Amino acid sequence: METVHVGLEGREYDIHIGPGLLAQAGALIGPLLARPRVAVVTDETVAALHLDALRDGLAASGIEMVALALPPGEGTKSWPHFTRTVEWLLEQKVERRDMVMAFGGGVIGDLVGFAAAVLRRGVRFVQIPTTLLAQVDSSVGGKTGINAPQGKNLIGAFHQPSLVLADTQVLGSLTERDYLAGYGEVVKYGLLGDSEFFQWLEGNGSRAASGDMAARIAAVRRSVEMKARIVERDETEQGDRALLNLGHTFCHALEAATGYSDRLLHGEGVAIGCALAFGLSARLGLCSQEDPSRVRAHLRDMKMKVDLSDIPGDLPDADGLITLMAQDKKVVAGKLNFILARGIGDAFVTSDVPPDAVRAVLQDALAQRG
Ligand SMILES: NC(=O)c1ccc[n+]([C@@H]2O[C@H](COP(=O)([O-])OP(=O)(O)OC[C@H]3O[C@@H](n4cnc5c(N)ncnc54)[C@H](O)[C@@H]3O)[C@@H](O)[C@H]2O)c1
Ligand SMILES: [Zn+2]
């Protein structure tokens, strides 16, 4: 088991990473509990595959568990399921000192974290992320929330978990597509701040994808470590935390254009968005022309979506996509915030991007669709 510590004063916590952590859940969580009882919220898919293992792991330390399984999918991150979750937790008589557990992917983590943030003005919660995306990204850093009809993640709170258990064995039941979508965020970490890690991924990413446990643990550990260090510097995204949005301005426009449907998963949009961000950086003369080619070559090696032509169905034209970008909640005073790069592993935040360059990059990318 590997451990990454998040050193936020007064809200510090550990992230444990390794295979078989569900079996050890009771031993790991027990010391944090005021009484031997926890309320677990999960989704139906995860419940069918892994809830028994979690129940057994808790029971081994004499901890009793009650569980609520919500429908899987992004639609669950909404007011109706939020209301249902909060009311269920109250029915289960979850008290101020109790522990709530989010057991699932990013949808469950975001929803349950937000429920914990507001229940009785805040109860503690444990993240047990079960997708690669949730293990390397959404379970760490304390951003919680739900979607509004007006847009994604518009309602929420910062609420740090008390513990994160990333059981890398649980990833074995993911579909290849969900695994690779999560890998989009893994690549992002290398691209934004660690060229050695990106190089390591070029050599070992496929091994990790095909199930090599040591490679998976290493990929999750380095990703989590990078996120933890950035969150420690800038918990509420006044500055550096925005680096984590590399590829995301493009991604959000593509997600909106595809209606947040399964035409494009979030992590797939991140991968395409990173390729576009490097394309834009090269066009602006910030990085070499080889860098975007290298990014794209790795994504291709991994059999991931790389180009706009990999997205099924129609897309808006370049101006349509730029309009969608401008609706992003990270727009400050009407200026598009971009994460650009001086090279692989060297990203920076800027609001100073000529719209013509963005338009040109998108036009080129759309033209390749033929
Ligand atoms: N809070 C943050 O900082 C943050 C960061 C990134 C993304 N997010 C959010 O995360 C969400 C996406 O998360 P996600 O990609 O994990 O999606 P998800 O939670 O919908 O999970 C994807 C699918 O995998 C299934 N699944 C989960 N674990 C499984 C397992 N072990 N085996 C088999 N199937 C499994 C789920 O049932 C679901 O169908 C988005 O809502 C996004 O906004 C939040
Ligand atoms: Zn993301």
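Computed from a predicted model, the values in this text were never measured in an experiment. (Residues numbered from 1 in each chain as written. Chains lettered and ligands numbered in written order. Predicted model: local features only at pLDDT ≥ 70, side-chain atom pairs only at ≥ 80, totals over all residues. Heavy atoms only, no water.)

A. How the structure looks around the domain arrangement of the chain. The assigned domain composition of the chain is domain 1 (2-173) and domain 2 (176-367). One C-alpha centre belongs to domain 1, the other to domain 2, and the line joining them spans 26 Å. On the side of domain 2, 30 residues touch domain 1, which itself brings 28 residues to the contact. Approximately 2,500 Å² of surface area, both sides summed, lies buried where domain 1 meets domain 2, with 67% of it carried by carbon and sulfur atoms. Of all residues in domain 1, the largest losses of buried area upon contact with domain 2 belong to L132, V136 and K152, amounting jointly to 22% of the total for that side. Here domain 1 is connected to domain 2 by six salt bridges. (Domains from an automatic or database assignment. Contact = heavy atoms within 4.5 Å. Buried area = accessible area lost by both parts, 1.4 Å probe. Salt bridge = Lys/Arg side-chain N within 4 Å of Asp/Glu carboxyl O.)

B. Representation of the environment of F103 in the model. Tracing the backbone shows F103 in strand β5 (residues 99-104). Taking the C-alpha atoms as reference, F103 lies 16 Å from A59; in sequence the two are 44 residues apart. The contacts of F103, once residues within four sequence positions are left out, are L22, V40, V41, T42, D43, V46, H50, L51, L54, I108, I128 and T130. (Helix = DSSP H or I, 4+ residues; strand = E, 2+ residues; numbered from the N terminus.)

C. Just the UniProt feature "binding site: NAD(+)" (unreviewed entry) in the chain, in detail. When the UniProt feature table is mapped onto this chain numbering, "binding site: NAD(+)" (unreviewed entry) sits at G106, V107, I108, G109, D110, T130, T131, K143 and K152. Summarising the element assignment, G109 is placed in helix α4 (residues 106-118). In this structure, G109 is in contact with A102, F125 and Q127, ignoring residues within four places of it in sequence. The residue D110 is located in helix α4 in this model. The exposure class assigned to D110 is buried, which follows from its relative accessible area of 12%. Every residue in contact with D110, bar those within four places of it in the chain, is listed here: K77, S138, K143, T144, G145 and N153. (UniProt positions renumbered as here; feature names shortened; annotations may be inferred. Buried < 20%, exposed > 50% of the residue type's maximum accessible area, 1.4 Å probe, protein only.)

D. Structural detail: the pattern of salt bridges. For the structure shown, the criterion picks out 29 salt bridges. We note a salt bridge from D194 to R222, for which the minimum N-O separation is 2.7 Å. Here the residue D194 occupies a position in the loop between α6 (176-193) and α7 (195-209), and R222 occupies one in helix α8 (residues 213-233), the gap between them amounting to 28 residues. One connected set of salt bridges, linked through shared partners, spans E2, D194, R221, R222 and E225.

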